[in-house]
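Structural overview
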Amino acid sequence: MIEIESLVAGYGQVPVLHDVSLKVAQGELVGLLGANNAGKSTLINCLSGTVRPRQGRIRFKGEDITNLAPHKIVDLGMIQVPEGRLVFPQMSIRDNLMLGGISARARKQRRQRLEQVLETFPRLQERLDQHAGTLSGGEQQMLAIGRGMMAGAEVLMLDEPSLGLSPLFVQYIFETIAKMHRMGLTILLVEQNSSLTFRHASRCYVLEQGRVAIDGPTEVVRNHPATRKAYLGM
Amino acid sequence: MDMLAQALIQGFLIGGTYGLVALGLGLIYSVSNIVSFAHGDFMSLAMYLSVSLFAAFAMDPYVSVFITFPVLALVGWGLYYFILRPVIGSNSLMIIQLTLGLTFLLQNGLLMVYGGQMLRVPSMVESKLFLMGDTVMRWPLLIAFIASLALSALLYLMLTRTDFGRQIRAVNQNPKAAALMGVNVTQVRTLVFALGIALLAVAGSLLLPGATLQPGMGLRYTVITLLILVLGGMSNFIGILLGGYIIGLSEAVGTTFLSGVSGMILPYALFIVIMLFRPAGLLGSR
Amino acid sequence: MKPEFFGILRSPVLWLALVFTAVLPLWLPSYYLHMATLALVYVGFAYAWNIVGGLTGQVSLAHSLFVGIGAMLASALLLRLGINMWVGMLIAALVSGMAGAVIAWVDYRFRLGHLSFALITLAFAEVGELVVLGWDFLGGASGLYLPKDQGNLQSFQFGGSSGYFWFLMLLAVLALGVNLAILNSPLGFFLRAIRGNEGAAQAVGVNVLRNKMLAMAISAVLCSLIGTAYARYLTFADPYLLASPNLTIEIVLLATIGGVSSAFGPLVGAGLLIPIGEMLRGHFGSMLPGLHYFIYGLLLVVVIIALPQGLAPAFSRLYRRFSN
């Protein structure tokens, strides 16, 4: 479904990604692991169109989307749930969710999807007309994922969904992600929390200093000596 | 006492239109972080267009607004898309200098086309008066007030109830997140700029009856608009409307009760005093 | 930018240009000498403005206020109170310097970033114009006519046009020299730090408020001095010319077209455009008033989009290409 070929990208003079290739098939849940500054966020920002790659090619369902504007990529159904949630703090939760479904493809089914989201996250239902800035970190993460659902995503790219959340919330969020995956969504999960990623992903990539260091089925990556050394502290 | 009531009502009425002008600039600022120093000059442009339409077809300013509105929207669209967009994000100082260049372009373009003499455009309601209690008011002021209030209310509904409004607020709060939601950020910025400039056509036609035009007058409107914008906290809707009333009132009271210069300076003095106590604007919390 | 500023003093081009300019009154016809004098006035204004607008990176729109004080106050002191214009020039410069410092303080108090500075300085300039136009002591709307020049240097009279040319050239060179001196001083270092990142500068212990006030005051004093001399040269202190915010906009456009981050920028901008503008005004002034300002505006838009660094760096690139 997603094919990345020899991607090179960076900010200004500083290259962040060197020759990264990656594939995600339809219905897969793929983990993307790596330390801080390994280039994970840059990679999914290239997928979302907010960072322009210098070289390489990105294809979505066979179509070249390498230099497409962010809103066009959203229109295709490839949705990012950004790191740090990035909810709109001075807008109501309802307006945040409505914005999630603003793209042309999603607009028609907004009403039904809103109900689905509120079913999935009853906590949001109770606070529908509050400003999103008043929510806790975990609730904001629900809202951010809810926005992704509103967009009618075919691929959901989650950037560090566990960041800064209490363990209880982390578990809840990951169960939700697993549930959405079972319902047929393709998911690219960017995480520093490797144990949870290993539990849910079928395949994993490990980025190291802008390059793919290890990739393969989760079992292989998990037991790779380099992975164990770098991310599990063993 | 009569004079005070007269000044207060007049200032209040004109303040509504000032607020509308500042709302346009505030909307532009809130999505693009641009403050245009040529804003008042675009209102001059709209007013002079009305002059031409009157000269050619004897068209009342209240009618010609239906022509100047789309024309200014188009001008705003082109200006943003072709001139400002390439520079945006590179350097905020450059945008200031660029809009100062536009000020000279517009001011002197108008001077070249219309000459330097003062002009007036008569309107059918221009000299009609009505009584409000004991005070005599001019109809154009009341029309301007009601139209400005109605437009402000429409803008408010647009911002809070429509998808376009949600997109504007999203770009204001976090452009990156907005783009990730599928908002076409460039398009929103372009449309808002066009809207902000087009609103000047409305404000221009409302302020036109009874006003004398002169090519260099735009700068003073720009300054008034900027004062209101800062008083309002740059992007606070209610704050900006409030700022409009304060500047309108202080201007009217100043010119009625204080002689000469001190009267004209009153709005500025009031501005400085308010800002010293509330540096984040009237309703700011910072 | 710094090495370029060091280099400029050793550049023979600079010294040749100075000598060339200094001998202009000896052979130039009076019409063109007037143009050259105006160019010097605006070169001086542009360098003075550059201390705030270029070195500190803050677009000030208050400078018409300082020019206005220099022109109107010094003239009023002479005409109303009989104070010698040399003394009046110094008094006006002192008042301007203090006004500049106060404006910088007010801006610092508001702290809305770059935008607020342009905005607040514009409001001050607007108030300044209103005060001049409304206060008879300063000449009001009709301005102040200065007595005929009788060549008495002690009463701030420089005789013919050559005298004014040389005095205004001295002031323009002074403004340029102050720019260079500031760049090579601790103040220049602090101003660059403030321009780069005000918050970071403050964090490492730069006294932002003090340095901004100082820059603004120096810039204001220079503008005021030139303003006095300019009014005396014109023998008419015209508030619509010398105290109007449009004067500042003109200065900003000239400096920006030349290039604010280049030592030659203000020189190229004002030195090139003022004579061109004057010629346009001479030819089309009656048919198309404002044509030269229109062209400044147009040129600025083109320069910012095509050559964001301004004309001066583009010229020096061309020069280097041809000399290779």
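What comes next is a walk through the structure. (Residues numbered from 1 in each chain as written. Chains lettered and ligands numbered in written order. Predicted model: local features only at pLDDT ≥ 70, side-chain atom pairs only at ≥ 80, totals over all residues. Heavy atoms only, no water.)

**A closer look at the interface of chain A and chain B**
How big an interface is tends to be stated in terms of the accessible area lost upon association of its parts. Put simply, the rule is: Here, two residues are considered to be in contact whenever any of their heavy atoms come within 4.5 Å of each other. As a working definition, buried area equals the accessible area (1.4 Å probe) given up by two parts on being put together, with both sides summed. In what follows, salt bridge is the name for a side-chain nitrogen of Lys or Arg lying within 4 Å of a carboxyl oxygen of Asp or Glu. Any N or O atom pair separated by 3.5 Å or less is treated as a polar contact, with the protein-specific requirement of one donor-capable and one acceptor-capable atom, and with residues adjacent in sequence counted only for side-chain atom pairs. Runs of H or I in DSSP of at least four residues are treated as helices and runs of E of at least two as strands, each being numbered from the N terminus. Three residue categories are used. Nonpolar comprises Ala, Val, Leu, Ile, Met, Phe, Trp, Tyr, Cys and Pro, charged comprises Asp, Glu, Lys and Arg, and polar comprises the others, including Gly.
Contacts between the two partners involve 21 residues from chain A, matched on the other side by 17 residues from chain B. On the chain A side of the contact with chain B, H71, F88 and I102 of chain A bury the most area, a combined 29% of that side's loss. On inspection of chain A and its partner chain B, the count reaches three salt bridges. Measuring nitrogen to oxygen at the nearest pair gives 2.4 Å for the salt bridge that ties R110 of chain A to D163 of chain B. At the boundary of chain A and chain B, one finds six residue pairs in polar contact (both at pLDDT 80 or more). Secondary-structure elements contributing two or more residues to the side of chain A that touches chain B are α1 (40–48), α2 (70–76) and α3 (93–100) of chain A. By residue class, the composition of the side of chain A that touches chain B is ten nonpolar, seven polar and four charged.

**Focus: the sheet that holds strand β8 (residues 186–191) of chain A**
All names here are of chain A. What counts is decided by this rule: By this definition, two strands are paired if DSSP reports at least two bridges between them. Helix axes are fitted to C-alpha atoms over the stretch in contact, other axes to C-alpha atoms as well, and angles between N-to-C directions run from 0 to 180 degrees.
Across the sheet, six strands lie side by side as β6-β7-β8-β3-β9-β10; this open sheet has mixed pairing. Looking at strand neighbours, the two that pair on one side only are β6 (78–81) and β10 (211–217), the edges of this open sheet. Adjacent strand axes in the sheet meet at a mean angle of 15 degrees, parallel and antiparallel pairs treated alike. The pairing of strand β7 (residues 155–159) with β8 spans five bridges and is parallel. Among the inter-strand pairings, V155 is bridged to a residue of β8, identified as T186. Contacts between helix α8 (residues 167–182) and the sheet are confined to β3 (29–34), β7 and β8, with β8 contributing the most and set at about 155 degrees to the helix.

**As for the environment of K23 of chain A**
Residue and element names in this part refer to chain A. As a reminder of what qualifies: Residue exposure (1.4 Å probe, protein chains only): buried if accessible area is under 20% of the type maximum, exposed if over 50%, otherwise partly exposed.
With respect to the helices, strands and loops of the structure, K23 is situated in strand β2 (residues 14–24). Its relative accessible area of 52% is what places K23 among the exposed residues. K23 sits 19 residues away from I4 along the chain, and the two C-alpha atoms are 6.2 Å apart. Not counting residues within four places of it along the chain, the set of residues in contact with K23 comprises I2, E3, E28, R203 and Y205.

**What to know about the interface of chain B and chain C**
Contacts between chain B and chain C engage 40 residues on the former and 44 residues on the latter. Interface of chain B and chain C: buried area, both sides summed, is about 3,900 Å²; carbon and sulfur atoms make up 82% of it. Its largest share of buried area at the contact with chain C, chain B owes to Q97, F104 and M112 of chain B, together 18% of the area lost on that side. One can count two salt bridges joining chain B with chain C. Salt-bridge contacts for R220 of chain B lead to E126 of chain C; the nearest nitrogen and oxygen are separated by 2.5 Å. The tally of links between chain B and chain C comes to four residue pairs in polar contact (both at pLDDT 80 or more).

**Considering the environment of G133 of chain A**
Residue and element names in this part refer to chain A. In this fold, G133 is placed in the loop between α6 (122–126) and α7 (137–150). For G133, a relative accessible area of 42% puts it in the partly exposed group. For the pair formed by G133 and E160, sequence separation is 27 residues and the distance between their alpha carbons is 19 Å.

**A look at the layout of surface pockets**
All names here are of chain C. The cut-off we apply is this: Buriedness of a pocket was judged along seven lines, with at least five required to meet protein on both sides within 12 Å; pockets are open sets of points on a 1 Å grid over the protein atoms alone, cavities are sets where a 1.4 Å probe fits but cannot get out, and lining residues have an atom within 4 Å of a point. Grid points are joined across faces, edges and corners, and a volume is the space filled by probe spheres set on the points.
Of the volumes computed, that of the second largest pocket is approximately 1,200 Å³. If you trace the second largest pocket, you find 40 residues lining it, with V13, A17, F264, L267 and V268 closest to the centre. Broken down by secondary-structure element, the contributors of at least two residues to the lining of the second largest pocket are α1 (2–10), α2 (12–22), α4 (30–55), α8 (161–183), α14 (265–284) and α16 (311–323). Looking at the lining of the second largest pocket element by element, the count peaks at seven residues for α4. Along the lines of polarity and charge, the residues of the lining of the second largest pocket split into 30 nonpolar, eight polar and two charged.

**Quick look at the pattern of salt bridges**
Under the criterion given, the structure shown has 19 salt bridges over all chains. Linking R123 of chain A and E139 of chain A is a salt bridge whose minimum nitrogen-to-oxygen distance equals 3.4 Å. Here E139 of chain A lies in helix α7 and R123 of chain A lies in helix α6, a separation of 16 residues in the sequence. Residue classification places R123 of chain A among the partly exposed positions, given a relative accessible area of 38%. One network of salt bridges, in which partners are shared, links D95 and R110 of chain A together with D163, R166 and R169 of chain B.

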